[in-house]
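# Coordinates in review
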Amino acid sequence: MASPLGASIQSSNLRSPFLGEANGICVPKVAISRVGFMRKTVECKESRIGKQPIPVPSNVTITMEGQNMSVKGPLGQLAITYPREVKVDKEDPGFLKVKKAVETRRANQMHGLFRTLTDNMVVGVSKGFEKKLQLIGVGYRATVEGKDIVLNLGFSHPVRMTIPDGLQVKVEDNTRITVSGYNKSDIGQFAASIRKWRPPEPYKVILTWLRVRPLNV
């Protein structure tokens, strides 16, 4: 004898496209409309660094050729190639202005970056930059021999490094190293190469360095 519950399920004769036609479970059909997403254009503000004008001293010569720019000063000459997203204009005499050529996310990213790189070039060929390091450790010392800098850092042999062209290295009190030049990138790279021989430890600082700063400022 069939139970009243089974009889009621069989009599209902419910069908579902998901669970089959002969089962006793009813799945309600609900009309689902297509869900659309609206894209909202986000306008980024102009870079606070990128919109600042770059002062150009009278002893610096700027040469522009398309997206290539050359900067020549009393200390040396540097060149840079700008991406198509940014451009350089000479609006006022004695000033440069880096602008965005298009309104894209990459242009917003490149705006402040290339303004800073351009300013570093102008300051580098006119005033120069320097980076200072200090040796802290028993028996640690540094000397300059011709075009090389010799470091005694506790190894079984002294560390000898060739000073790149365009850079000057000065040692004071056998422990204070000053790297100077007109290319800020080269100064930081060579200072980092010196520092990697004895990186600072968390509780016993051996080799420290100061930030790069312009000379005569």
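Before going into details, it helps to say that this report is about the structure given with it. (Residues numbered from 1 in each chain as written. Predicted model: local features only at pLDDT ≥ 70, side-chain atom pairs only at ≥ 80, totals over all residues. Heavy atoms only, no water.)

Along its length, the protein chain carries three helices and 14 strands. Among the 217 residues that make up the protein chain, the fraction classed as buried is 32%. Counting contacts in the protein chain only where the partners sit at least 6 residues apart, residues at least 24 apart contribute 53% of the total. Of the roughly 15100 Å² of accessible surface on the protein chain, 53% is carried by carbon and sulfur atoms. (Helix = DSSP H or I, 4+ residues; strand = E, 2+ residues; numbered from the N terminus. Buried < 20%, exposed > 50% of the residue type's maximum accessible area, 1.4 Å probe, protein only. Contact = heavy atoms within 4.5 Å. Areas by Shrake-Rupley, 256 points an atom, 1.4 Å probe, with all protein chains shown as cover.)

Here we come to the packing of aromatic side chains. Applying the stated criterion to the full structure yields two aromatic pairs. An angle of 50 degrees between the planes, with centres 5.7 Å apart, marks the rings of tyrosine 82 and phenylalanine 114 as tilted. Remark: phenylalanine 114 occurs in helix 2 (residues 105–126) and tyrosine 82 occurs in the loop between strand 4 (77–81) and strand 5 (86–89); sequence separation between them is 32 residues. With respect to burial, tyrosine 82 and phenylalanine 114 carry one shared label: buried. Above the face of the phenylalanine 155 ring, arginine 198 is positioned so that its terminal group lies 4.5 Å from the ring centre. (Phe/Tyr/Trp six-rings, centres within 6.5 Å; stacked < 30°, edge-to-face > 60°. Lys NZ or Arg CZ within 6 Å of the ring centre and 35° of its normal.)

This part is about the sheet that holds strand 5. Read across the sheet, three strands follow the order 1-6-5 without closing on themselves; strand pairing throughout is antiparallel. With partners counted over all chains shown, the strands left at the sheet margins are strand 1 (54–55) and strand 5, one partner each. The pairing of strand 5 with strand 6 (residues 95–100) spans four bridges and is antiparallel. By the bridge assignment for strand 6, valine 88 is matched with valine 98. Packed onto the sheet, helix 2 meets strand 1, strand 5 and strand 6 and runs at close to 160 degrees relative to strand 6. (Pairing = 2+ DSSP bridges. Axes fitted to C-alpha atoms, helices over the stretch in contact; angles between N-to-C directions.)

All right, on to the pattern of salt bridges then. Following the criterion strictly, the structure yields seven salt bridges and no others. Taking the shortest distance from any N to any O, the salt bridge between arginine 84 and glutamate 85 comes out at 3.8 Å. Residue class for glutamate 85 comes out buried when judged on its relative accessible area of 10%. Residues aspartate 89 and lysine 99 are paired through a salt bridge, measuring 3.8 Å at the closest nitrogen-oxygen approach. With aspartate 89 in strand 5 and lysine 99 in strand 6, the pair connects residues that are ten residues apart, well separated along the chain. One network of salt bridges, in which partners are shared, links Arg84, Glu85 and Arg106. (Salt bridge = Lys/Arg side-chain N within 4 Å of Asp/Glu carboxyl O.)

This paragraph deals with the sheet that holds strand 4. Pairing is antiparallel across the open sheet formed by three strands, whose spatial order is 2-3-4. One side of each edge strand has no neighbouring strand; the edge strands of this open sheet are strand 2 (61–65) and strand 4. In this sheet, neighbouring strand axes are inclined to one another by 15 degrees on average, regardless of whether the strands run parallel or antiparallel. The sheet contact formed by strand 2 and strand 3 (residues 68–72) spans five bridges and is antiparallel.

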